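Below are the chains, spelled out letter by letter.
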Amino acid sequence: MLLSPAAGRAPARTTRPELACGPGFSSTFFKGSALRASVAQASGRTGRAQILIVRADNRPIIIGMAADSGCGKSTFMRRMTSVFGGSPKPPAGGNPDSNTLISDSTTVICMDDYHSLDRYGRKEKGVTALDPAAQDFDLMYEQIKALKDGKSVEKPIYNHVTGLLDPPETVKPPQILVCEGLHPFHDERVRKLMDFHVYLDISEEVKTSWKLQRDMAERGHSEESIKASIAARKPDFDAFIDPQKQYADVIIQVLPTQLIPEDKEGKVLRVRMIQKEGVKRFSPAYLFDEGSTISWIPCGRKLTCSFPGIKFFYGPDTYYGDEVSVLEMDGQFDKLEELIYVESHLSNTSAKFYGEITQQMLKNSQFPGSKNGTGLFQTLVGLKIREVFEAIRQTTVAPVV
Ligand SMILES: Nc1ncnc2c1ncn2[C@@H]1O[C@H](COP(=O)(O)OP(=O)(O)OP(=O)(O)O)[C@@H](O)[C@H]1O
Ligand SMILES: O=C(CO)[C@H](O)[C@H](O)COP(=O)(O)O
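Computed from a predicted model, the values in this text were never measured in an experiment.

*Asks:* Let's hear about the site of ligand 1: which residues, and what values?
*Replies:* Near ligand 1, the surroundings consist of 13 residues, among which Gly72, Ser74, Thr75, Arg214 and Thr374 are the closest. The side chain of serine 74 places a nitrogen or oxygen atom 2.4 Å from an oxygen atom of ligand 1. Arginine 214 is positioned such that a nitrogen or oxygen atom in its side chain is 2.9 Å from an oxygen atom of ligand 1. Burial of ligand 1 by the protein chains amounts to 81% of its free accessible area of 620 Å². When contributions to the shell around ligand 1 are tallied by element, the ones reaching two or more residues are α1 (73–84) and α5 (204–217). The element best represented in the shell around ligand 1 is α1, accounting for three residues. Of the residues that constitute the shell around ligand 1, the class distribution is three nonpolar, seven polar and three charged.

*Asks:* Mind laying out the site of ligand 2, listing which residues take part and the relevant values?
*Replies:* Residues in close proximity to ligand 2 include Ser69, Asp112, His115, Arg119, Arg122, Ala129, Tyr158, His160, Leu182 and Arg233, which together make up its full environment. Taking histidine 160, its side chain carries an N or O atom lying 3.3 Å from an oxygen atom of ligand 2. When grouped by side-chain class, the residues that make up the shell around ligand 2 number three nonpolar, three polar and four charged.

*Asks:* I'd like a description of the side chain of serine 82, backed by residues and values.
*Replies:* Within the fold, serine 82 resides in helix α1. Within the structure, the side chain of serine 82 is placed 3.2 Å from the side chain of lysine 363, a separation counted as a polar contact. Non-local contacts of serine 82, meaning those with residues more than four positions away in its chain, are made with Gln360, Lys363, Asn364 and Val400.

*Asks:* Kindly report on the state of the cysteines, identifying the contributing residues and their values.
*Replies:* Throughout the structure, instances matching the rule amount to one disulfide. With its sulfur 2.1 Å from that of its partner, cysteine 299 forms a disulfide with cysteine 305. Between cysteine 299 and cysteine 305 the disulfide shows an S-S torsion of about -80°. By sign, it is left-handed. With a relative accessible area of 28%, cysteine 299 lands in the partly exposed category. With relative accessibility at 25%, the residue cysteine 305 sits in the partly exposed group.

*Asks:* How would you explain the pattern of salt bridges if you had to name every residue and give the values?
*Replies:* Evaluated as defined, the whole model comprises 22 salt bridges. A salt bridge links lysine 145 to aspartate 149; its shortest N-O distance comes to 2.8 Å. We classify lysine 145 as partly exposed; its relative accessible area is 31%. The shortest N-O distance in the salt bridge between glutamate 188 and lysine 192 comes to 2.7 Å. You can see glutamate 188 and its partner lysine 192 sitting in helix α4 (residues 188–193), four residues apart, about one turn around the helix. Taking relative accessible area as the criterion, lysine 192 reaches 62% and is therefore assigned exposed. Beyond isolated ion pairs, a larger network of salt bridges with shared partners links Arg270, Arg272, Asp317 and Glu328.

*Asks:* A description of helix α9 (residues 373–393) should follow, citing residues and the corresponding values.
*Replies:* Helix length check: α9, at 21 residues, gives a terminal C-alpha distance of 30 Å against a target of 30 Å (1.5 Å per residue), a fit within 8%. Within α9, 19 of the 21 residues are buried, which leaves the element mostly enclosed by the surrounding structure.

*Asks:* Help me get a handle on the environment of isoleucine 241, residues and values and all.
*Replies:* With respect to the helices and strands, isoleucine 241 occurs in helix α6 (residues 223–241). Taking the C-alpha atoms as reference, isoleucine 241 lies 7.0 Å from aspartate 68; in sequence the two are 173 residues apart. Excluding anything up to four places from it in sequence, isoleucine 241 contacts Ala67, Asp68, Leu130, Leu182, His183, Tyr199 and Asp236.

*Asks:* Any details on the pairing of strand β11 (residues 176–181)? Residues and values, ideally.
*Replies:* The side chains of a regular strand alternate, residue by residue, between the two faces of the sheet. Taken across its six residues, β11 has six buried, putting it largely inside the fold. Alternating positions in β11 separate into two faces, Ile176, Val178 and Glu180 on one and Leu177, Cys179 and Gly181 on the other, with burial throughout. Where strand β6 (residues 61–66) meets β11, six bridges bridge the pair, whose relative direction is parallel. Its bridge partner lying in β11, glycine 64 is registered against cysteine 179. Two elements, strand β8 (residues 106–110) and β11, share five bridges in a ladder whose sense is parallel. Across the sheet, residue valine 108 finds its bridge partner in β11, namely valine 178.

Analysis parameters
Residues numbered from 1 in each chain as written. Chains lettered and ligands numbered in written order. Predicted model: local features only at pLDDT ≥ 70, side-chain atom pairs only at ≥ 80, totals over all residues. Heavy atoms only, no water. Near = heavy atom within 4 Å. Polar contact = N/O pair within 3.5 Å; in protein donor to acceptor, adjacent residues only side chain to side chain. Areas by Shrake-Rupley, 256 points an atom, 1.4 Å probe, with all protein chains shown as cover. Helix = DSSP H or I, 4+ residues; strand = E, 2+ residues; numbered from the N terminus. Nonpolar A, V, L, I, M, F, W, Y, C, P; charged D, E, K, R; others polar. Contact = heavy atoms within 4.5 Å. Disulfide = S-S within 2.5 Å. Buried < 20%, exposed > 50% of the residue type's maximum accessible area, 1.4 Å probe, protein only. Salt bridge = Lys/Arg side-chain N within 4 Å of Asp/Glu carboxyl O. Expected span 1.5 Å × (residues − 1). Pairing = 2+ DSSP bridges.

Geometric descriptors of this kind do not, in isolation, establish any biological role.
Here it is as structure tokens:
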């Protein structure tokens, strides 16, 4: 990622390792308005020790991303990190079954690593992995807090291959820490550490269709076993995972299309980006005219649409009692490059130049959902996260071209 400080409010940075005091303390100095330093007189027995505690906003920003398993978290992550440049990789030389992904400026950690019970422990106690009783929220809080404070942590690893908890791995504080998984918003302490909250809300029908595609083709499971596993998880999903969406700043909701009556195939999707109003540093994207209610079928001279076409919607709504703006796309693009026409009618997208959304979508066109609203809205959320980062860090991220 190219980081160029915003003119006039550039935090000039020098690192003075010789002043490090205590494990994990990072003595990082900033000049300019970003500097918030306090000098603490720490008088020991000699009464002379003076510690300069510098609190600059160069600590990681924390993004929470909640979803059930197989709901597109990895795909979303790849789109998001692509906005910042670099490609996410597991920690070099570490545990090959690590769930962590590191790129230039982002580190993605998986909340599954905070399972307190391994697969055998859960079986013994008769609880599923979705049950909060199988998570260590105290450790989750302590470690995310430490990372937010700029300290490295020794994070456990939940090994999805063996079902066991492996020896821990070191996670260093990145610029952007993404906490993805089943329960990032369940514990209030953890939730409050997060600067932005995203929930991927995949409807039952769509989830089943995605899981069938992937687990039959890639994991050799039978249709019956996949359906049985979804059904077995459902009560705990409803009780512990789904309610977290009320805490999200943005929800990407994926539903079957309304363009084909009684659609059975589940290939065409209706995707809604539910954007909370009044969230600090986040201002919702809109179509045509902010605050209006708009239904738009762009198919015609500018957009190629084969059956069943494409329909957009934008309008206000309420969600768990909060005011929200909803952007919706039903259908899929025939020619992805024609997205530029739709982009020209979207405002407040946080794109840095006209065409950035289309360019990102074309760059990642091999990812699932590239032709429908999942790809479009995941990309938009990536741009919004970049804006949150810039606002907190008072910096400017150069667009990846
Ligand atoms: N937008 C999409 N459109 C169509 N299919 C999708 C989309 N996103 C994900 N999928 C399907 O769902 C599968 C799971 O996606 P992904 O690996 O991103 O989910 P995940 O939440 O990270 O899963 P897990 O937690 O189980 O590893 C993909 O292999 C793909 O088949
Ligand atoms: O929901 C999940 C991941 O998001 C997993 O099911 C959970 O981590 C339990 O793992 P396993 O399936 O290996 O027992």
